[in-house]
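A look at the structure
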Amino acid sequence: MKRICVYCGSSPGNNELYLQTAEELGQVLALNNVGLVYGGASVGLMGRIADSVMKHGGEVIGIIPGHLKKEVAHYGLTSLHEVNTMHERKKMMMDLSDAMIAMPGGLGTMEEIFEAATWSQLQLHTKPCGLLNVNGYYDKLLEFIDHAVNEGFILPRHRYIMQAAETPTELLDKLKSVVEHA
Ligand code: AMP
């Protein structure tokens, strides 16, 4: 696995654990020689994970639309691509990555990881998707996905498109194992 796309909050969250885990995920990626692809911002969890990968000697590719002034582009990355639209950004992020994961985040993060998962469901790609469920942040979302399976709106075989783990190392191992067994 050469590169992983990480979607995460442009906010830091209210619990220091989220920033700490962004730092830890960045370190785990760099130590495993897995490059980071992300939205190119310098704020919130986005900025922290990028700083951590760079600090630990890894590769970071940022992709940001020129109009997103509030996210403040990060100019200390391996490379930063400025694109015109959110759609171009998401496409490039997925194209450059071998897996897509979400750390805690808001509506933007959820939209991005669900697009990746639904494109897998439609067989538009075969890259694994996962949630880094820090501090149980995604427990209710995972419960809701189970509910949607029980109610007949998600096929049981699509349930595990969205992998989940509580720690960066555990999630990375799960993604690798999905790739190996594909
Ligand atoms: P948030 O989780 O809302 O803090 O946003 C995390 C990242 O997702 C930010 O870089 C946002 O610009 C991005 N984002 C927000 N909405 C969308 C969208 N509709 N499509 C793609 N990215 C988005």
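Let me begin by describing the structure that accompanies this report. Keep in mind the model is a prediction, meaning the values are calculated, not measured.

1. Observations regarding a negative patch on the surface
On the surface, a cluster of negative charge is made up of Asp139, Glu143, Glu166, Glu170 and Asp173. Here Glu143 lies in helix H5 (residues 139-150). The exposure class assigned to Glu143 is exposed, which follows from its relative accessible area of 56%.

2. Considering empty space enclosed by the protein
All chains considered together, the criterion is met by one cavity of 30 Å³ or more. Taken as a whole, the largest cavity holds about 40 Å³ of empty space. As for the largest cavity, its lining consists of Ile4, Leu25, Leu29, Ile101, Leu132, Pro168, Leu171, Leu172 and Leu175. If you list the elements that add at least two residues to the lining of the largest cavity, you get helix H1 (16-31) and helix H6 (168-180).

3. Quick word on the site of the ligand
For the ligand, the set of nearby residues contains 16 residues, the closest of which are Ser10, Glu71, Arg89, Gly106 and Thr109. Between the ligand and Gly108, the relevant distance is 3.0 Å, taken from an oxygen atom to a main-chain nitrogen or oxygen of the residue. In this structure, an oxygen atom belonging to the ligand sits 2.6 Å away from a side-chain N or O atom of Thr109. Because more than half of its atoms lie within 2 Å of the grid, the ligand is assigned to the largest pocket.

4. Here we look at the packing of helix H3 (residues 86-95) against helix H4 (residues 107-121)
Relative placement of two packed helices is described by the angle separating their axes and the distance separating the axes. Relative orientation of the contacting elements H3 and H4 amounts to 60°, with a least axis distance of 11 Å. On the basis of the axis angle, H3 is oblique to H4. Crossing of H3 against H4: the hand is right-handed. Of H4, the residues touching H3 (which contributes Arg89, Lys90, Met93 and Met94) are Glu111, Glu112, Glu115, Ala116 and Trp119. Of the residues that constitute the contact of H3 with H4, the class distribution is four nonpolar, no polar and five charged.

Rules behind the numbers
- Residues numbered from 1 in each chain as written.
- Predicted model: local features only at pLDDT ≥ 70, side-chain atom pairs only at ≥ 80, totals over all residues.
- Heavy atoms only, no water.
- Patch = residues over 30% accessible without salt bridge, like charges linked within 9 Å, V, L, I, M, F, W, Y side chains within 5 Å.
- Areas by Shrake-Rupley, 256 points an atom, 1.4 Å probe, with all protein chains shown as cover.
- Salt bridge = Lys/Arg side-chain N within 4 Å of Asp/Glu carboxyl O.
- Lys, Arg positive; Asp, Glu negative; His and termini not counted.
- Charge placed at Lys NZ, Arg CZ, Asp CG, Glu CD.
- Helix = DSSP H or I, 4+ residues; strand = E, 2+ residues; numbered from the N terminus.
- Buried < 20%, exposed > 50% of the residue type's maximum accessible area, 1.4 Å probe, protein only.
- 1 Å grid on protein atoms, 1.4 Å probe; cavity = no way out; pocket = protein on both sides within 12 Å on 5 of 7 lines; lining within 4 Å.
- Points joined across faces, edges and corners; volume = space filled by probe spheres on them.
- Near = heavy atom within 4 Å.
- Polar contact = N/O pair within 3.5 Å; in protein donor to acceptor, adjacent residues only side chain to side chain.
- Sits in = over half its atoms within 2 Å of the grid points.
- Axes fitted to C-alpha atoms, helices over the stretch in contact; angles between N-to-C directions.
- Parallel < 35°, antiparallel > 145°, perpendicular 65-115°, else oblique.
- Left-handed = near helix turned anticlockwise from the far one by under 90°.
- Contact = heavy atoms within 4.5 Å.
- Nonpolar A, V, L, I, M, F, W, Y, C, P; charged D, E, K, R; others polar.

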